[in-house]
Amino acid sequence: MRLSRTMAQRTTLAIATLASLPLLGSAASAHHAMDGQLPTNALQGFLSGLAHPILGIDHFAFIVALGLVAAIVRRGQLLPIFFLVTAMVGTGLHLQQVDVPGSELLIAGSVILLGSILGVGKQLSFSWLAILGAIAGLFHGYAYGESIVGAQTTALVSYLVGFTVMQAMIALGVWAIARKTQQVAEQPQFWVRYIGSGICGIGIAALANQILG
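Small disclaimer: the values here were computed from a predicted structure and weren't measured.

Colleague: Tell me about the overall build of the chain, and please be specific about residues and values.
Modeller: The helix and strand tally for the chain stands at 9 helices and 0 strands. The order of α-helices and β-strands along the chain, N terminus first, is α-α-α-α-α-α-α-α-α. Within the structure as shown, the chain displays about 10,500 Å² of accessible surface, and the carbon and sulfur contribution to it stands at 66%.

Listed below in structure tokens is the structure:
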């Protein structure tokens, strides 16, 4: 079974369609689960944590991109760890009321950057990618903190566990699928570049939404 250009083009079209979603509503409403209500117990906190990386299309796109990058670099499976750790740190900064101005703009920028790296087929070292993932994690985690500010400790801890588990599942799932697919694809880098271009489009749409909104 080999990956065709038609399949890659269709995948890119689907991702490009998703790029328009941030323009359909405000970033604030898109990034909240539980109907925007503060979680009050462990279950609600965990479910809210699971939902946040999916409801925020910019967050989701970055995590997918991170999984793809991880699949084409040596020791890449370690990259999500740097992101996950600093994402929790970023959430902690928000909870400590540390002001990080322009975090949503920086998140959109991180999506554009990682999507561009994939789109142009740029090969970066593991060290540079780890630094990029760690820095991006701070801003993504800071945004995650918005949904949990003021919650009790039980809900807060379960929220952290929830979004960490979900992000790990997405990133490592994409990594595993991409690694497997590259073993059977006629042109291993071709489809990755197509998807990277689509992810870059999502970042541009998110950035435009922040600027115009």
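After presenting the structure, the write-up continues.
Colleague: Residues and numbers for the nonpolar core, please.
Modeller: Generally speaking, soluble globular proteins have nonpolar side chains that are buried together. Of all hydrophobic cores here, the largest spans 44 residues; its most connected members are Phe62, Leu68, Leu79, Phe83, Leu114 and Ile199. Within the residue set of this core, elements represented by two or more residues are helix H4 (57-71), helix H5 (79-95), helix H6 (103-119), helix H7 (126-144), helix H8 (153-182) and helix H9 (190-212). For this core, the leading source of residues is H4, giving 11 residues.

Colleague: Help me get a handle on the environment of Thr91, residues and values and all.
Modeller: The topology assignment puts Thr91 in helix H5. By relative accessible area, which is 1% here, Thr91 ends up buried. Along the primary structure Thr91 and Leu138 are separated by 47 residues, whereas in three dimensions their C-alpha atoms are 7.6 Å apart.

Colleague: Now, about a nonpolar patch on the surface: what can you tell me, with residues and values included?
Modeller: Taken together, the side chains of Leu78, Ile81, Phe82, Val85, Met88, Val89, Leu93 and Val98 define a hydrophobic patch exposed on the protein surface, amounting to about 600 Å² of accessible area. Within the secondary structure, Met88 sits in helix H5. What makes Met88 partly exposed here is its relative accessible area of 36%.

Colleague: How would you summarise H6 if you had to cite specific residues and measurements?
Modeller: Over its 17 residues, H6 extends 24 Å from the first C-alpha to the last, a length consistent with the 24 Å expected when each residue adds 1.5 Å. Where burial is concerned, most of H6 is hidden: 12 out of the 17 residues are buried. Buried residues of H6: Ser103, Glu104, Ile107, Ala108, Ser110, Val111, Ile112, Leu114, Gly115, Ile117, Leu118 and Gly119, and no others. Of the surrounding elements, those touching the buried residues of H6 are H4, H7 and H9. One or two positions beyond H6, positive phi appears at Gly121, with a value near 70°.

Colleague: Could you give an account of unusual backbone geometry, with specific residues and numbers?
Modeller: Positive phi is not limited to glycine here, since Arg75 has a value of about 60°. Assignment of secondary structure puts Arg75 in the loop between H4 and H5. Residue Arg75 is classed as partly exposed on the basis of its relative accessible area of 48%. Phi at Gln97 takes a positive value of approximately 65°, unusual for a residue other than glycine. Mapped onto the fold, Gln97 is located in the loop between H5 and H6. Exposure remark for Gln97: the relative accessible area of 72% places this residue in the exposed category.

Colleague: Describe in detail the packing of helix H3 (residues 42-55) against H4, supporting the description with residues and values.
Modeller: Orientation of H3 relative to H4, taken along the N-to-C sense of each, is 85°, at an axis distance of 5 Å. Here H3 lies roughly perpendicular to H4, going by the angle between them. Residue-level inspection shows His52, Pro53, Ile54 and Leu55 of H3 in contact with H4, the latter providing Ile57, His59, Phe60 and Ile63. Within the contact of H3 with H4, the residues separate by chemical class into 6 nonpolar, 2 polar and no charged.

Colleague: Describe in detail the packing of H4 against H9, supporting the description with residues and values.
Modeller: Remark: H4 packs on H9, axes separated minimally by 10 Å, with the N-to-C direction vectors making an angle of 155°. Judged by the inter-axis angle, H4 sits roughly antiparallel to H9. Remark: the crossing between H4 and H9 carries left-handed chirality. Only Trp191, Ile195, Ile199, Ile202 and Ala206 of H9 make contact with H4, whose side of the interface consists of Ile57, Asp58, Ala61, Val64, Ala65 and Leu68. Looking at the contact of H4 with H9 residue by residue, the class counts come to 10 nonpolar, no polar and 1 charged.

Colleague: Can you break down the packing of aromatic side chains residue by residue, with the values?
Modeller: Given two aromatic rings, one states the distance between the centres and the angle between the planes to describe the pair. Throughout the structure, instances matching the rule amount to 4 aromatic pairs. Note on Phe82 and Phe126: the rings are 6.1 Å apart at their centroids and 70° apart in plane angle, and the pair reads as edge-to-face. With a gap of 44 residues between them, Phe82 in helix H5 and Phe126 in helix H7 connect regions that are remote in the sequence. Where Tyr144 meets Phe163, the ring centres are 4.7 Å apart and the plane angle is 45°; that geometry is what we call tilted. Remark: Phe163 occurs in helix H8 and Tyr144 occurs in helix H7; sequence separation between them is 19 residues. For the pair Tyr144 and Phe163, a shared accessibility class is recorded, and that class is buried. An aromatic cluster is present here, built from Tyr144, Tyr159 and Phe163 joined pairwise through their rings. Over the aromatic face of Phe126 sits the side chain of Arg75, whose NZ or CZ is 4.4 Å from the ring centroid.

What counts and how
- Residues numbered from 1 in each chain as written.
- Predicted model: local features only at pLDDT ≥ 70, side-chain atom pairs only at ≥ 80, totals over all residues.
- Heavy atoms only, no water.
- Helix = DSSP H or I, 4+ residues; strand = E, 2+ residues; numbered from the N terminus.
- Areas by Shrake-Rupley, 256 points an atom, 1.4 Å probe, with all protein chains shown as cover.
- Core = buried A, V, L, I, M, F, W, Y, C linked by side-chain atoms within 4.5 Å.
- Buried < 20%, exposed > 50% of the residue type's maximum accessible area, 1.4 Å probe, protein only.
- Patch = residues over 30% accessible without salt bridge, like charges linked within 9 Å, V, L, I, M, F, W, Y side chains within 5 Å.
- Salt bridge = Lys/Arg side-chain N within 4 Å of Asp/Glu carboxyl O.
- Expected span 1.5 Å × (residues − 1).
- Contact = heavy atoms within 4.5 Å.
- Axes fitted to C-alpha atoms, helices over the stretch in contact; angles between N-to-C directions.
- Parallel < 35°, antiparallel > 145°, perpendicular 65-115°, else oblique.
- Nonpolar A, V, L, I, M, F, W, Y, C, P; charged D, E, K, R; others polar.
- Left-handed = near helix turned anticlockwise from the far one by under 90°.
- Phe/Tyr/Trp six-rings, centres within 6.5 Å; stacked < 30°, edge-to-face > 60°.
- Lys NZ or Arg CZ within 6 Å of the ring centre and 35° of its normal.

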